[in-house]
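These are the residues of each chain, in order.
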Amino acid sequence: MYQTYEQCRAALFSEVDEHYNKFNNPIVNCEYPTYGVRTPIIKKLACSVPISARDEVLNGFFADSEHTYETVLFAGVLAARKGDYAASRDYLTRLVPLFRSWAHVDCVTPCLRWADKSALWNDFRYLLDSEGQYEKRFYIMIMFSCCLNDEYIEKILNTLCRDVTYGQYYVDMAAAWLLAECLVKYYDKTLPLFQENTFPKFVHNKAIQKARESYRISNELKAYLNTLKVK
């Protein structure tokens, strides 16, 4: 088990795979340098840090001014690990503005499934007012990963209709992915929004495309969704 950030960083970079980096770098499209450490290795390392050492390790991360794709992802997963929710919330409030890849968002938000949904819904909603696309994507992916259930579906659809500012690629893609899942799981509630052309063309069509790729809805419904695509 690792007790300091220096130990974690050394362990992280002992797993560098230059060949994998050539494949992964254009996919994650990160503004930080990437070194090709695979995501399961990063997550395993974050999970090997005792919760009692989390403060020490994350304080070391914040003191390090030379961020990489891998170190930010490691810190995000560690911050989101099950433990004291208030501490996780406070660390992520500092971390999310450092995210520079869709993969930072999409790998960290599922780690919060243990947390109280109401707390997540309220405590991170301010991110929708951010100008940064990864901040907004983070909240959309919290809705997707942590809150998509019978209790929250109406709130999610209302949020997507009224509170999300569209026009940034990674925001629009996350919203389309979430809407596709809403179509699959809550077809009757979600369909009217597509019949009324509620969303921008890209989000509308991408959500339909992703929903039609699912095996969880019938071919008949897929055919009808196809007629709703905006040309």
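Just so we're clear, the structure is a prediction, and the values are computed from it rather than from any experiment.

Regarding its fold elements, the chain presents 14 helices and 0 strands. In the chain, the succession of helices and strands from N to C terminus is α-α-α-α-α-α-α-α-α-α-α-α-α-α. What you see for the chain is a C-alpha radius of gyration of 19 Å, in line with the 17 Å of a compact globule of 231 residues. Across its three principal axes, the chain shows a C-alpha extent of roughly 55 × 40 × 30 Å. By residue count, 52% of the 231 residues in the chain fall in the buried class. Partitioning the intrachain contacts of the chain with sequence separation of at least 6 by distance along the chain shows that 74% fall at a separation of at least 24. Total accessible area computed for the chain in this model is approximately 11000 Å², and 48% of it derives from carbon and sulfur atoms. Both charge centroids of the chain, one from 28 positive and one from 28 negative side chains, sit 6 Å from each other.

Ranked by size, the top nonpolar core spans 85 residues in total, and within it Phe74, Leu92, Phe138, Ile156 and Leu160 carry the most contacts. Broken down by element, this core gets its largest block of residues, 11 residues, from helix α11 (residues 169–185). With residues near it in sequence (within four places) discarded, leucine 92 still touches Gly76, Ala79, Ala80, Pro97, Val108, Leu112, Phe124 and Phe138.

Bringing the packing of aromatic side chains into the picture now. This model, assessed by the stated rule, comprises 16 aromatic pairs. Each ring, one from phenylalanine 13 and one from tyrosine 35, has its centre 5.2 Å from the other, and the planes form 90°; the classification is edge-to-face. Of this pair, phenylalanine 13 sits in helix α1 (residues 5–13) while tyrosine 35 sits in the loop between α2 (18–28) and α3 (39–47), and the two are 22 residues apart along the sequence. The cationic tip of arginine 94 hangs over the ring face of phenylalanine 62; the distance from NZ or CZ to the ring centre is 3.7 Å.

Time to look at the environment of proline 200. The residue proline 200 is located in the loop between α12 (187–195) and α13 (201–212) in this model. Among the residues examined, proline 200 registers a relative accessible area of 34% and is labelled partly exposed. When the C-alpha positions of proline 200 and valine 230 are compared, they lie 9.5 Å apart, and in sequence the two are 30 residues distant.

Backbone geometry places asparagine 29, a non-glycine residue, at a positive phi of 50°. Residue classification places asparagine 29 among the partly exposed positions, given a relative accessible area of 42%. The phi dihedral of asparagine 197 is positive, around 50°, even though this residue is not glycine. Here asparagine 197 is to be found in the loop between α12 and α13. Given a relative accessible area of 46%, asparagine 197 falls into the partly exposed group.

Cut-offs applied
Residues numbered from 1 in each chain as written. Predicted model: local features only at pLDDT ≥ 70, side-chain atom pairs only at ≥ 80, totals over all residues. Heavy atoms only, no water. Helix = DSSP H or I, 4+ residues; strand = E, 2+ residues; numbered from the N terminus. Rg over C-alpha atoms; globule rule 2.2 N^0.38 Å. Buried < 20%, exposed > 50% of the residue type's maximum accessible area, 1.4 Å probe, protein only. Contact = heavy atoms within 4.5 Å. Areas by Shrake-Rupley, 256 points an atom, 1.4 Å probe, with all protein chains shown as cover. Lys, Arg positive; Asp, Glu negative; His and termini not counted. Charge placed at Lys NZ, Arg CZ, Asp CG, Glu CD. Core = buried A, V, L, I, M, F, W, Y, C linked by side-chain atoms within 4.5 Å. Phe/Tyr/Trp six-rings, centres within 6.5 Å; stacked < 30°, edge-to-face > 60°. Lys NZ or Arg CZ within 6 Å of the ring centre and 35° of its normal.

Remember that the coordinates give geometry; whether it matters functionally is a separate question.
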